[in-house]
Amino acid sequence: MNISKQIAQWRIVAASVCGTGHLKNNQLCQDAHHWQILSDNVLVAAAADGAGSASLGKVGAMVAVETAIENISTIGLTQKSLNDDDYVRSLLNDAILAAKKAVEDEAATCDKQPQDLATTLIVMVATPEVVAVMQIGDGLAVAKDRMGNLLALTIPDSGEYINETTFLTSPTALDTAQIRLWRTDIENVGIITDGLQMLALNMVVGEPHKPFFFPLFEFVANTEDKTVAKEQLVKFLRSERITQRTDDDLTLIIAAFNDS
């Protein structure tokens, strides 16, 4: 018997890959992601999509995700402390504020304007009993419970005009931020950046697409070798099935809580 199967734990696979459109133009991947599994089965994850129009969008995305995760992971978070809804909201808000300040400080260091490091940001905290997410800009966060219900915790903020969104560096960033808590028996969570929205979300009804997410949830639940799993995820994101539908940068974070 595989001993790891007996230990209740999160399994997570994540990757960011450069879109075919950026590859053709010799551009860097503007997406970034970061995650940690803290003690007491608390998962924290973040994804960001640097603005294509921003000269240092990639830097902004990297600074945002790393700062947000560091801000949450250094306070000794436990499942018990997440029982208070107000505390959870404050936790996420503080992480977003820290990320915003870090991006602005990095801009000053680089002698740039904050908008030169413009990026979206999604930050998630999850345990087997609750998932909470705060999002600025486009992209999507989802969760599945043990009954098979798949919920879009957030919806893409696409602004008033097509291909427009709100960025972390925008004056209205915190005013437009989405925040959502879902208390149930959490089995899976996921985060995508906007490059995957057309595949992962039914835009008409605003619901996540089960045929997209469910096989991925099954995949991560059965993951044994993290390195091989990431290679397989990268291969999936670069496959013709995906690149025929989108030429944008792609980030996908998928996690499963295994308790048997």
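Think of each chain on its own: its residues are numbered from 1, step by step along the sequence as written. Where totals are concerned, whole chains, interfaces and linings use all residues; where local detail is concerned, this predicted model gives features only for residues with pLDDT of at least 70, and gives and counts side-chain atom pairs only at 80 or more. Side-chain numbers here rest on the full set of heavy atoms in the structure, without hydrogens or water.

### Things to note about the packing of aromatic side chains
Centre-to-centre distance and the angle between the planes together describe a pair of aromatic rings.
Phase 1 of the analysis: A pair of Phe, Tyr and Trp rings is counted when the ring centres sit within 6.5 Å of each other, with Trp represented by its six-membered ring. The angle between the planes then sorts it: under 30 degrees is stacked, over 60 is edge-to-face, the rest tilted. Using the criterion set out here, one finds 5 aromatic pairs in the structure.
Phase 2 of the analysis: Both rings, one in F213 and one in F217, keep their centres 5.9 Å apart while their planes meet at 25 degrees; by these two values the pair is stacked. Remark: F217 and F213 occur in helix α6 (residues 210–221); sequence separation between them is 4 residues, near one turn of the helix. Each member of the pair, F213 as well as F217, carries the same accessibility label: buried.
Phase 3 of the analysis: Measuring from ring centre to ring centre gives 6.4 Å for F214 and F217, while their planes differ by 40 degrees; the resulting arrangement is tilted. In this pair, F214 and F217 both sit in helix α6, 3 residues apart, roughly one turn of the helix.
Phase 4 of the analysis: The class of F217 is buried, set by a relative accessible area of 2%.
Phase 5 of the analysis: Taken together, the aromatic side chains of F212, F213, F214, F217 and F236 make up a single cluster linked through ring pairs. Strands here mean DSSP runs of E at least two residues long; helices mean DSSP runs of H or I at least four residues long; both are numbered from the N terminus. Exposure classes here rest on a 1.4 Å probe applied to the protein chains alone. A residue is buried below 20% of its type maximum, exposed above 50%, and partly exposed in between.

### Side note on the sheet that holds strand β1 (residues 9–17)
Phase 1 of the analysis: Strands were regarded as paired on the criterion that DSSP finds at least two bridges between them. Taken in spatial order, the 5 strands make up an open sheet running β1-β12-β9-β6-β7, and their pairing is antiparallel. Both outer strands of the open sheet, β1 and β7 (150–152), are each paired with one neighbouring strand and no more. The average angle at which neighbouring strand axes cross in this sheet is 15 degrees, direction not considered.
Phase 2 of the analysis: For strand β9 (residues 186–192) and strand β12 (residues 250–258), the ladder comprises 5 bridges, and the chain directions are antiparallel. In the sheet register, G190 faces β12, and the bridge partner there is I254.
Phase 3 of the analysis: Contacts between residues were defined by any pair of non-hydrogen atoms, one from each residue, lying within 4.5 Å. Note on definitions: angles span 0 to 180 degrees between N-to-C directions of axes, and those axes are lines fitted to C-alpha atoms, for helices only across the stretch in contact. Contacts from α6 reach β1, β6 (140–145), β7, β9 and β12, with the element oriented near 55 degrees to β12.
Phase 4 of the analysis: Of the strands in this sheet, β1 and β12 are in contact with helix α7 (residues 226–237), which crosses β1 at around 40 degrees.

### What about the sheet that holds strand β3 (residues 42–49)?
Sheet strands associate in pairs through backbone hydrogen bonding, adopting either a parallel or an antiparallel arrangement.
Phase 1 of the analysis: Judged by pairing direction, the sheet is antiparallel, and its 5 strands sit side by side in the order β2-β3-β4-β5-β8 without closing on themselves. Edge positions in the open sheet fall to β2 (31–38) and β8 (178–183), since each of these has one partner strand only. The mean angle between the axes of side-by-side strands here comes to 10 degrees, regardless of whether they run parallel or antiparallel.
Phase 2 of the analysis: Here β2 runs beside β3; their pairing, made up of 8 bridges, is antiparallel. Residue pairing across strands places L38 opposite V42, the latter belonging to β3.

### Examining the packing of helix α2 (residues 57–73) against helix α3 (residues 85–109)
Phase 1 of the analysis: The interhelical angle for the contact between α2 and α3, taken along N-to-C directions, is 140 degrees, at an axis separation of 8 Å. What the angle tells us is that α2 and α3 run oblique. Relative to α3, α2 is oriented so that their crossing is right-handed. Of the residues in α3, those touching α2 at V59, G60, V63, A64, T67, A68, N71 and I72 are L91, D94, A95, A98, A99, A102, V103 and E106. An angle counts as roughly parallel when it lies under 35 degrees, as roughly antiparallel when it exceeds 145, as roughly perpendicular when it falls between 65 and 115, and as oblique in every other case. Crossings are sorted by hand: turned counterclockwise from the far helix by less than a right angle, the near helix makes the crossing left-handed, and turned clockwise it makes it right-handed.

### Here we look at the packing of α6 against α7
Phase 1 of the analysis: Where α6 contacts α7, the axes come no closer than 12 Å and their chain directions differ by 160 degrees. When the axis of α6 is compared with that of α7, the two are roughly antiparallel. Pair α6 / α7 crosses with right-handed handedness. For the pair α6 and α7, contact is made by F212, L216 and F219 and by A229, Q232, L233 and F236, respectively.
Phase 2 of the analysis: Looking at the contact of α6 with α7 residue by residue, the classes come out as 6 nonpolar, 1 polar and no charged. Asp, Glu, Lys and Arg are counted as charged, while Ala, Val, Leu, Ile, Met, Phe, Trp, Tyr, Cys and Pro are counted as nonpolar; the rest, among them Gly, fall into the polar class.

### Details of the state of the cysteines
Phase 1 of the analysis: Throughout, disulfides are identified as pairs of cysteine sulfur atoms within 2.5 Å of each other. By the definition in use, this model includes 0 disulfides.
Phase 2 of the analysis: C18 takes part in no disulfide bond, and the closest cysteine sulfur to it belongs to C29, at a distance of 5.4 Å.
Phase 3 of the analysis: You can call C18 buried: its relative accessible area is 18%.
Phase 4 of the analysis: In this structure C110 is a free cysteine whose sulfur lies 19 Å from that of C29, the closest cysteine sulfur available.

### Quick word on the confidence of the model for the protein
Detailed reading of the predicted coordinates is not advisable wherever pLDDT is low.
Phase 1 of the analysis: When the pLDDT values of the protein are averaged, the result is 91; 93% of them are 70 or greater.
Phase 2 of the analysis: Every residue gets a pLDDT, meaning the predictor's confidence in that residue, from 0 to 100. Overall, residues 1–6 carries pLDDT values under 50, and its contacts beyond four positions in sequence, including any with other chains, amount to 10 contacts.

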